[in-house]
Amino acid sequence: THAKVSLNTHRTIADISPLIFGGFAEHMGRCIYEGIYDPASPHADERGLRRDVIQALKETNYTIMRYPGGNFVSGYRWTDGIGPKADRPRRRALAWRSIETNQFGPHEFMEFAREIGTEPMWAVNLGTGSIQDAADLVEYMNLPVGTLYSDLRAQNGHAEPFGVKYWCLGNEMDGPWQIGQMDAVSYADKAVQAAKLMRWMDPTIKTIACGSSATSMPGYPDWDLTVLDRAYDHIDYFSMHHYAANPYPTISNTEGLPRDTDSYLASSILFEEHADTLAAAIRVAKAKNRSKKDVHLCWDEWNVWYRAKGGDGEWSEAPHILEEQYNLEDALVVATWLNTFLRKADVVKIACIAQIVNVIAPIMTNRDGLFKQTIFYPLTLFSNHARGYALDALVQAPLQETSRYGDVPQLDASASYDPTTGEGAVFLVNRSQTEPLTVSVCWEDVAPGAITRAWQMAGEDPLAANSFEQPDNVVAYELTAPRVDGRGVTVTLPPLSFTTYLT
Ligand code: AHR
């Protein structure tokens, strides 16, 4: 079997927004406590931040970081997390049945964000929180001293405004599990009023409204159409959440169903459908509002999640919840997801993998150290090498049958080209479990002088995973770069593989 990928540096989709390589740090499970912040660990620095975690997060090079939730935020009082640590209250965090110590709060998060060089993206509480609380938080974070909350920030050690630019207007407000769930009209109206006040505080901020929590929600996509229509002029981005599972479709109803890896590896069909539907909803809302401005998609929760559940813990601090162990097939799905972001680069302008440490995350810690999960590798290869324009790659590939989606191309691909450096990248997933695939990559206009570097992740067992005992069982290893011959290269990709070529 043979496939062909044709590239042309002038056939572009759009600029790749750097903010699609974002993460999400929620106060849940062991993401913040025992993940990022763990003063008791031998790896902690003087601030309690885990040095080894910081190092691994820097490798991924997260460009934006959503915080502090997630479901957690819909019951969070941000004033709990400021001031002397000894005075901060312990609370029951209802979303995840856990005890929140508030030892990590806004100042600690900003310190952490600065340390890893990421742009903060703050979610306000629109569950139990009022529009006034949201505006007060913007004052606290962003305004020069001289009034109550900005003065309080200075009193707490930070005279300079933090300058948080990206603000999520609540989280998953359509979900029955959400503290303060609302219908679409009530949510849209509250989001508009919150956005108004927040922008009156700081006109430079960007706001993000909640889309449906999942495509499986009964209200999808009516919720999205309603919220977009009513809030269009007050928002800059519209959020989408999506979790993949084997078998599909959701985190809650896969139990007892047989695994279906061929269909699972074709999940990018669903990711594209989701993005296309919401991009269409945005166009409709723009027309209905007679608006001149564009709203873009903020895919601020995405990942594989279906095995490790949470929420029924015993009211402990940092419970072990949602600690998924990722395998090879999950890493390949993540790679096709990142391919999807490049193919949808014209509409998806922010994306945040959920989450960054321990909780459905690319790295897993214990007191003594950490290991990198399989999904760490595709994420880090994309975030370090997809730059400039997403190219509109023409892919001709053999089809393979899946029970869920019918025939799908065996090859899932994307490519980027940065005219400022002349560097390019090609990302290829062979989704067959059994068949190698010979691929000719052809550059139609400017053939690169050479493939400068190449990496591959592959294996025979889709369930192979990493662990503390076997941290390097499934990794991306560097390949000898293939030679460019004429206008391109011809390579053979093993079954179940993800390959990156840099030019
Ligand atoms: O990322 C885990 C949870 O998934 C988030 O708290 C919530 O927004 C979503 O349901």
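Residues numbered from 1 in each chain as written. Predicted model: local features only at pLDDT ≥ 70, side-chain atom pairs only at ≥ 80, totals over all residues. Heavy atoms only, no water.

Draft legend 1. Layout of the overall build of the protein chain. Secondary structure assignment for the protein chain yields ten helices and 26 strands. What you see for the protein chain is a C-alpha radius of gyration of 22 Å, in line with the 23 Å of a compact globule of 503 residues. The principal-axis extents of the C-alpha atoms in the protein chain amount to approximately 65 × 55 × 50 Å. Within the protein chain, buried positions represent 60% of all 503 residues. A separation of at least 24 residues holds for 77% of the contacts in the protein chain among residues at least 6 apart in sequence. Element-wise, carbon and sulfur atoms account for 50% of the exposed surface of the protein chain, whose accessible area totals about 18,800 Å². If you average the places of the 43 positive and of the 63 negative side-chain charges in the protein chain, the two averages end up 4 Å apart. (Helix = DSSP H or I, 4+ residues; strand = E, 2+ residues; numbered from the N terminus. Rg over C-alpha atoms; globule rule 2.2 N^0.38 Å. Buried < 20%, exposed > 50% of the residue type's maximum accessible area, 1.4 Å probe, protein only. Contact = heavy atoms within 4.5 Å. Areas by Shrake-Rupley, 256 points an atom, 1.4 Å probe, with all protein chains shown as cover. Lys, Arg positive; Asp, Glu negative; His and termini not counted. Charge placed at Lys NZ, Arg CZ, Asp CG, Glu CD.)

Draft legend 2. Layout of the sheet that holds strand β1 (residues 2-7). Within the open sheet, the four strands sit side by side as β17-β1-β22-β25. Their pairing is mixed. Unpaired on one side and paired on the other, β17 (394-396) and β25 (488-493) mark the two borders of the sheet. Each strand of the sheet is rotated relative to its neighbour by a mean of 15°, with strand direction disregarded. As defined by bridge partners, strand β22 (residues 437-443) adjoins β25 across six bridges and the pair is classed as antiparallel. Note that in β25 the partner of V439 across the bridge is V491. (Pairing = 2+ DSSP bridges. Axes fitted to C-alpha atoms, helices over the stretch in contact; angles between N-to-C directions.)

Draft legend 3. Representation of the sheet that holds strand β12 (residues 316-317). The strand order across the open sheet formed by three strands is β5-β6-β12, and the pairing between neighbours is mixed. Unpaired on one side and paired on the other, β5 (91-93) and β12 mark the two borders of the sheet.

Draft legend 4. Region of the structure containing the packing of helix α3 (residues 131-142) against helix α5 (residues 184-201). Across the interface, α3 lies against α5 with an axial gap of 8 Å and an inter-helix angle of 30°. Considering the angle they form, α3 stands roughly parallel to α5. For α3 against α5, the interelement crossing comes out right-handed. Contacts between α3 and α5 involve I131, Q132, A134, A135, V138 and E139 on the former and, on the latter, K190, Q193, A194, L197, M198 and M201. Considered class by class, the residues forming the contact of α3 with α5 number eight nonpolar, two polar and two charged. (Parallel < 35°, antiparallel > 145°, perpendicular 65-115°, else oblique. Left-handed = near helix turned anticlockwise from the far one by under 90°. Nonpolar A, V, L, I, M, F, W, Y, C, P; charged D, E, K, R; others polar.)

Draft legend 5. Summary view of the packing of aromatic side chains. Tallied over the full model, the rule gives 24 aromatic pairs. Arranged with centres 5.1 Å apart and planes meeting at 50°, the rings of W78 and Y140 form a pair that is tilted. Of this pair, W78 sits in the loop between β4 (64-67) and β5 while Y140 is found in helix α3, placing the two residues 62 residues apart along the sequence. Accessibility assignment for this pair places W78 and Y140 in one class, buried. Cluster of aromatic residues (ring-pair linked, three or more members): Y33, Y37, Y67, F104, F109, F112, W122 and W167. Over the ring of W315 we find R92, and its NZ or CZ is 4.8 Å from the ring centre. (Phe/Tyr/Trp six-rings, centres within 6.5 Å; stacked < 30°, edge-to-face > 60°. Lys NZ or Arg CZ within 6 Å of the ring centre and 35° of its normal.)

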